[in-house]
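Each chain is listed here by its residues.
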Amino acid sequence: MAQGDVQITVVGNLTADPELRFTANGLAVVNFTVASTSRAFDKASNEWKDGDTVFLRCSVWRQYAENVAESLTKGTRVMVTGRLKVRQYEARDGSKGTSVECEVDDVGPVLRNATAKVTRVSRGEGGFGGGNAASAPADDPWATPAPSGGGDGGWGAPAAEEPPF
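Just so it is clear, the model here is predicted, and its values are computed rather than measured.

What counts, and where the lines are drawn
- Residues numbered from 1 in each chain as written.
- Predicted model: local features only at pLDDT ≥ 70, side-chain atom pairs only at ≥ 80, totals over all residues.
- Heavy atoms only, no water.
- Phe/Tyr/Trp six-rings, centres within 6.5 Å; stacked < 30°, edge-to-face > 60°.
- Buried < 20%, exposed > 50% of the residue type's maximum accessible area, 1.4 Å probe, protein only.
- Salt bridge = Lys/Arg side-chain N within 4 Å of Asp/Glu carboxyl O.
- Helix = DSSP H or I, 4+ residues; strand = E, 2+ residues; numbered from the N terminus.
- Pairing = 2+ DSSP bridges.

Draft legend 1. Local environment of the packing of aromatic side chains. Going through the model one piece at a time under the given rule, you end up with 1 aromatic pair. With centroids separated by 5.4 Å and ring planes inclined at 70 degrees, the aromatic side chains of phenylalanine 41 and tryptophan 48 adopt a geometry described as edge-to-face. A residue is classified by how much of its surface remains accessible, and phenylalanine 41, at 38% relative accessible area, is partly exposed.

Okay, structure coming up:
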């Protein structure tokens, strides 16, 4: 984690199946959106009231991306931790915009009202700690090498750069 990164944790539901894509260099990336709605108890009506829903676009890279695509589906309640990133983009109509997205460090199903069967991926396939070389020590022989060059960020437009891990 770089100094100054904004760490977040969000719990919500996947709005669609994760979208698995590959960069020109063959690097896997999966994108998904988590919808999280706040709730507050209204003492006057003695009931729970839903607040606004926040939609957060998330991305995961390498073997971890393939694991996510194989494991999670639309509607799954998940807990995501990661780093907020601000991205500038230009739409097809030429307008410019800004989006706030999450580079995922960890994601998994919430088991409060569900069960999950975990199948462990061998170390050689998933890298250290499940596939994110960012968490691997420098001397880890299983760490995935850092990507070289640009590539498709998975959102229809080339990413400014691939993640620095």
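Further notes follow.
Draft legend 2. Region of the structure containing the pattern of salt bridges. All chains considered together, the criterion is met by 8 salt bridges. Between arginine 21 and glutamate 19 there is a salt bridge, with its nearest N and O atoms 3.5 Å apart. The exposure class of arginine 21 is partly exposed, given its relative accessible area of 32%. A relative accessible area of 30% places glutamate 19 in the partly exposed class. Across the salt bridge formed by glutamate 103 and arginine 83, the nearest N and O atoms sit 3.2 Å from each other.

Draft legend 3. Structural detail: the environment of glutamate 70. Along the polypeptide, glutamate 70 turns up in helix H1 (residues 62-71). Spatially, the C-alpha atom of glutamate 70 lies 9.6 Å from that of aspartate 17, the residues being 53 residues apart in sequence.

Draft legend 4. Structural context of the pairing of strand E1 (residues 6-14). With 8 bridges connecting them, E1 and strand E5 (residues 77-90) associate as antiparallel partners. In the strand pairing of E5, valine 10 is matched with valine 80. Two strands pair when backbone bridges link them, and E1 and strand E3 (residues 28-42) are joined in this way by 2 bridges, in the antiparallel orientation. Pairing of asparagine 13 across the sheet is with alanine 35, part of E3.

Draft legend 5. View of the pairing of strand E6 (residues 96-109). Pairing between strand E4 (residues 47-61) and E6: 3 bridges, direction parallel. Residue pairing in the sheet places arginine 57 in a bridge with glutamate 101 of E6. As defined by bridge partners, E5 adjoins E6 across 13 bridges and the pair is classed as antiparallel. Across the sheet, residue glutamate 90 finds its bridge partner in E6, namely lysine 96. In this structure, the hairpin formed by E5 and E6 is closed by a connection of 5 residues, where glycine 94 is found at a positive phi of approximately 95 degrees.

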